[in-house]
Structures are given as structure tokens and as C-alpha cells.
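# Overview (structure and organization)
One letter stands for each residue in the lines below.
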Amino acid sequence: MIYPIVKFGDPVLEMPGKPVTEFDDKLKQLVEDMFESMYVAQGVGLAAPQIGISLRLSVIDVSFKEDPGMKLVLANPKIIKVEGKQAGTEGCLSIPDFRESVTRPKRVTVRAQNENGEWYEYTGEDLLARAFVHEIDHLDGKLYISHISALKRDLIKRKIRKLKKLGEWK
Ligand code: NI
């Protein structure tokens, strides 16, 4: 099924997710649904809290369907190494139509479980490194706007409040 994406303002986005403990058929279905929901929303990463499920689970595909080997499932992920820095703009499906520049590590190594509960390590560079830290932030209840200046953040929040009043932010 395709889940609607939860938008900024919903408390689930600012709450740490619970660890994934059951790697059963239900979880595999959820992972499949998360990939589908992410593709429909035109994203390259999606965290369970973004569909209203407070779990430490994210999916990433920076190839956007081009390379099946790039479909990554991150259950209970941890960052084990970061190197360097990269500048670039970043957005989030839960904060649509806004983008800001955020400095992130150039290279990030994660340790996570896949949909079968098997632990693996993966090192990503550039966009994938950015996706790793962005998605893992989601699982900690953190959004990318926490990495921008308070001034820019307040401006975004003000614009969102206006959109809410107009009924254009649900
Ligand atoms: Ni996001």
C-alpha cells in the first residue's frame, strides 16, 4: 500500500523511533510499502516516522529505481564512521517545497540490519552519505532544519504556519 507522507508539525516526526525487534512478514511488507511510498513521493529516502510509524527503520535508494543493488533497508542503524565534509542543498518529503543548504559528511559508514534482521556495514559517499545521516536523524526525531540557522528555520516555520492557515499544509 502507498502511505501518505506525514508533514512537519506532526509530533511523530520529532519523536525517537522504537527499535525494530520483529523481522517477520509484516516487517517485510512494511519495507516494501515504504519503498513504494517513497517512489510515489519522488524521494530517495524515507523513514518510518514519515508514514506515522515510530520505528527505527528507513529505506534509501539514491539510484531511484535504476540500480536494484542500491535499495537499502536500514533497521536499527548506527553511524560508525564519518569522514570529510560536503556542501549541498537538502530537502525532505515531510517539508515539501523547501530546500536549504546543509553541510554534511562526505563519507558515512553505517551498521544496520536488513529486512531479514542480518547486520551489515555500508559506506556511502556524496548523496548516499547525505541520505544516511538525514534518514538516521529522522529515527532520532530530528529534521534537517535543525542543522540550519535559527533565522532560516523560523522563516520556514512561519511560511508553514501560513500554509496551514490556508489549508494547504495537511
Ligand atoms: Ni526527510
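Residues numbered from 1 in each chain as written. Predicted model: local features only at pLDDT ≥ 70, side-chain atom pairs only at ≥ 80, totals over all residues. Heavy atoms only, no water.

## Some remarks on the side chain of Thr109
Under the convention used in this document: In this description a helix means any DSSP run of H or I spanning at least four residues, a strand means any run of E spanning at least two, and both kinds are numbered starting from the N terminus. Within 3.5 Å is the distance limit for a polar contact, defined as a pair of N or O atoms, with the added protein rule that one can donate a hydrogen and the other accept it, and that residues adjacent in sequence qualify only through two side-chain atoms. Two residues qualify as a contact provided that any one of their heavy atoms is within 4.5 Å of a heavy atom in the partner residue.
Tracing the chain through its elements places Thr109 in strand β6 (residues 107–113). Side-chain polar atoms of Thr109 contact the side chain of Thr123, separated by 2.8 Å. The contact partners of Thr109, leaving out residues within four places of it in the chain, are Lys78, Ile79, Ile80, Lys81, Glu121, Tyr122 and Thr123.

## Points about the coordination of the nickel ion
To keep it simple, the criterion reads: Coordinating N, O and S atoms are those within 2.8 Å of the metal (3.2 Å for Na, K and Ca), and as water is not part of the atoms, a site may appear to have fewer donors than expected. Categorising residues by exposure relies on relative accessible area from a 1.4 Å probe, with only protein chains included: less than 20% of the type maximum marks a residue as buried, more than 50% marks it as exposed, and the intermediate range marks it as partly exposed.
Taken together, the protein ligands of the nickel ion are Cys92 (SG), His134 (NE2) and His138 (NE2), with distances of 2.1 to 2.3 Å. Along the chain, the residues donating to the nickel ion fall in the pattern C-x41-H-x3-H. Here the residue Cys92 occupies a position in the loop between β4 (89–90) and β5 (100–101), and His138 occupies one in helix α2 (residues 127–139), the gap between them amounting to 46 residues. Judged on exposure class, the residue Cys92 and its partner His138 are both buried.

## Comments concerning the pattern of salt bridges
Where we set the bar: Think of a salt bridge as a Lys or Arg side-chain nitrogen and an Asp or Glu carboxyl oxygen that are within 4 Å of each other.
A complete count under the given rule lists 8 salt bridges for this structure. Notably, a salt bridge pairs Arg56 with Asp140, separated by 3.0 Å at the nearest N-O pair. Separated by 84 residues along the polypeptide, Arg56 in the loop between β1 (45–47) and β2 (57–60) and Asp140 in the loop between α2 and α3 (150–165) bring together distant segments of the chain. It is possible to trace a salt-bridge network through shared partners that takes in Glu90, Arg104, Arg130 and Asp137.

## Observations regarding the packing of aromatic side chains
The condition that has to hold: Note on aromatic contacts: the rings of Phe and Tyr and the six-membered ring of Trp form a pair at centre separations within 6.5 Å, being stacked when their planes are under 30 degrees apart, edge-to-face when over 60 apart, and tilted otherwise.
A complete count under the given rule lists 4 aromatic pairs for this structure. On the numbers, 5.3 Å between centres and 90° between planes, the contact of Tyr39 with Phe64 is edge-to-face. Pair noted here: Tyr39 is in helix α1 (residues 25–40) and Phe64 is in the loop between β2 and β3 (72–83), with a separation of 25 residues, a long-range link. On the basis of relative accessible area, Phe64 is assigned to the partly exposed category, the value being 24%.

## Points about a positive patch on the surface
Counted only if it meets this: Think of a patch as exposed residues, more than 30% relative accessible area, with no salt bridge, where like charges cluster within 9 Å and nonpolar side chains (Val, Leu, Ile, Met, Phe, Trp, Tyr) cluster within 5 Å. The Shrake-Rupley method, run with a 1.4 Å probe, gives the accessible areas here. Residue values count only the displayed protein chains as cover. Residues scored as positive are Lys and Arg, those scored as negative are Asp and Glu, and His as well as the terminal groups of each chain are ignored. A charged residue contributes its charge at one atom only: NZ of Lys, CZ of Arg, CG of Asp or CD of Glu.
A contiguous patch of positive charge, built from Arg158, Lys159, Arg161, Lys162, Lys164 and Lys165, is present on the exposed surface. For Arg161, the position within the fold is in helix α3. Using a relative accessible area of 52% as the deciding quantity, one classes Arg161 as exposed.

## Describing the sheet that holds strand β7 (residues 119–125)
Rule in force here: For two strands to be treated as a pair, DSSP must find no fewer than two bridges joining them. Only the contacting stretch of a helix is used when fitting its axis, a line to C-alpha atoms as for every element, and angles between N-to-C directions run 0 to 180 degrees.
With antiparallel pairing, 5 strands are arranged side by side in an open sheet as β1-β2-β3-β6-β7. Sheet topology places β1 and β7 at the edges, where each strand pairs with a single neighbour. Mean inter-strand twist for the sheet, computed between neighbouring axes without regard to direction, equals 35°. As judged from the 3 bridges shared by β1 and β2, these two strands associate in the antiparallel manner. Pairing of Gly45 across the sheet is with Ile60, part of β2. Lying over the sheet, α1 contacts β1, β2 and β3, oriented at roughly 45° with respect to β2. Against the sheet, α2 contacts β1, β2, β3, β6 and β7, and its axis sits at roughly 125° relative to β7.

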